[in-house]
Amino acid sequence: MNDPGFNWSLIRSFLAALDQGSLMGAARALGLHQPTLGRHIGELEAQLGLTLFERTGRGLIPTPDALRLAESARGMAAAADQLARRASGAQHGLQGTVRLSASQPVACTLLPPVLVQLRAALPEVQIELVVSNAVSNLLQRDADIAIRLVRPDQGSLVSRRVGQAAIGAYAHRDYLRRRGTPRQPADLLQHELIGNDRQTDIVRGFAALGHAVTREHFALRTDDLIAHEALVRAGAGIGFLTRYVARQHAELVPLLPTLPIPPLPMWLAGHREIRSNPRVRAVWDYLAASLPGALG
């Protein structure tokens, strides 16, 4: 990679293919034609002397070499974006405020380190963080950008998928010392479970596994995601957390790693006018580049 003829722009195509899982999705995300994206990947593989993806009928499967290089590639892309944003800021003047809306776990756990880096990259931009799950924040102009786990379907909004949040079953190691470790999904029903109150996500998840669970199976019930996390961390029982939340706490132990819990897609959403607002677009582009790495 020290070859002076190395084409650094191919890194964006590599990362898009890695994040989207297909040439078509990557081309769409970058606004390129699929054959162009395919040529980029082939050229990068030739320059590196590595095979980065296995091509299958279902899409692209990253090789171990691709996964090993991903972190460095994201760092290169972020540095290039930072250089471009600072040059753009100097030219166009990005001073001002961007109002960002996100749900509780995203705002309290995922975003803080990202926003620290964003402030370093865009020191002339201030961020107002609104903690809310309501898409109406955008429609009512209460926020410029929203981070959501569902894709907004309002025609006046634009959206971009930036990754997915893996979900798993977790318990405090002290709880497992007291009650033992479940070895198969059916074992969960013999444990103290932390579940939903009025929402039905976890009940439907158990139904998909073939277990007819009702809310009465949950020893503790809450629809507040921060409270759910706090109960798991306190050793109250087994709960269901996103990986980016659970990995912040070494005392939490992942359980049943093959449990088929679908990940939650994460989306950026905003008004169509972001294309003509350099300040909002700079924050949008930074989040689009940074969130996939933060989700891990």
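A quick note: this is a predicted structure, and the numbers were derived from the prediction, not measured.

Visitor: How would you explain the sheet that holds strand β10 (residues 239–242) if you had to name every residue and give the values?
Guide: Read from one edge of the open sheet, 3 strands run β10-β7-β11, paired in antiparallel fashion. Looking along the sheet, the strands with just one partner apiece sit at the ends: β10 and β11 (252–255). Direction aside, neighbouring strands of the sheet carry axes that sit 50° apart on average. Examined bridge by bridge, strand β7 (residues 167–172) and β11 share 4 bridges and lie antiparallel to one another. Bridging from a neighbouring strand, A171 pairs with V253 of β11. Across the face of the sheet, helix α9 (residues 225–233) comes into contact with β7, β10 and β11 while running at roughly 115° to β10.

Visitor: Could you give an account of the sheet that holds strand β6 (residues 157–165), with specific residues and numbers?
Guide: Strands sit in the order β4-β3-β5-β12-β6 across an open sheet of 5 strands; the sheet is mixed. Of all the strands in the sheet, just β4 (125–131) and β6 have a single pairing partner and so form its edges. With direction set aside, neighbouring strand axes in the sheet form an average angle of 20°. Inspection of the sheet shows β6 paired to strand β12 (residues 264–271) by 8 bridges, in the antiparallel sense. The residue of β12 that forms the bridge with R161 is W267. Strands in contact with helix α5 (residues 104–121) are β3 (96–102), β4, β5 (145–148) and β12; relative to β4, the strand with the most contacts, it is inclined by about 175°.

Visitor: So what's going on with the packing of α5 against α9? Which residues, and what values?
Guide: Where α5 contacts α9, the axes come no closer than 8 Å and their chain directions differ by 60°. Classified by the interaxial angle, the pair formed by α5 and α9 is oblique. Here α5 contributes Q104, P105, C108 and T109 to the contact with α9, which in turn contributes L225, I226 and E229. Counted by class, the contact of α5 with α9 contains 4 nonpolar, 2 polar and 1 charged residues.

Visitor: Got a sec to walk through the side chain of E251? Specific residues and values, please.
Guide: With respect to the element layout, E251 can be found in the loop between α10 (243–246) and β11. Leave out the neighbours within four places in its chain, and E251 touches A171, H172, R173 and R233.

Visitor: Which residues make up the pattern of salt bridges, and what values go with them?
Guide: Across all of its chains, the model carries 11 salt bridges by this definition. For R204, the salt bridge is made with D201, and the minimal N-O distance between the two is 2.6 Å. Of this pair, R204 and D201 both sit in helix α8 (residues 201–208), 3 residues apart, roughly one helical turn. Bridged by salt links that share partners, the residues E229, R233 and E251 form one connected network.

Visitor: Can you lay out the packing of aromatic side chains for me, pointing to particular residues and giving the numbers?
Guide: Here the structure, examined in full by the defined rule, presents 2 aromatic pairs. Taking 5.9 Å as the distance between ring centres and 55° as the angle between the ring planes, the aromatic pair formed by F14 and F53 counts as tilted. Taken together, the residues span a long stretch of sequence, with F14 in helix α1 (residues 10–20) and F53 in strand β1 (residues 53–56) at a distance of 39 residues. Consider the rings of F206 and F240, whose centres lie 6.1 Å apart with planes at 90°: the pair is edge-to-face. Residue F206 is found in helix α8, and its partner F240 is found in strand β10; the two are separated by 34 residues along the sequence. Per residue, the accessibility class of F206 equals that of F240, and both read buried.

Definitions and cut-offs
- Residues numbered from 1 in each chain as written.
- Predicted model: local features only at pLDDT ≥ 70, side-chain atom pairs only at ≥ 80, totals over all residues.
- Heavy atoms only, no water.
- Pairing = 2+ DSSP bridges.
- Helix = DSSP H or I, 4+ residues; strand = E, 2+ residues; numbered from the N terminus.
- Axes fitted to C-alpha atoms, helices over the stretch in contact; angles between N-to-C directions.
- Contact = heavy atoms within 4.5 Å.
- Parallel < 35°, antiparallel > 145°, perpendicular 65-115°, else oblique.
- Nonpolar A, V, L, I, M, F, W, Y, C, P; charged D, E, K, R; others polar.
- Salt bridge = Lys/Arg side-chain N within 4 Å of Asp/Glu carboxyl O.
- Phe/Tyr/Trp six-rings, centres within 6.5 Å; stacked < 30°, edge-to-face > 60°.
- Buried < 20%, exposed > 50% of the residue type's maximum accessible area, 1.4 Å probe, protein only.

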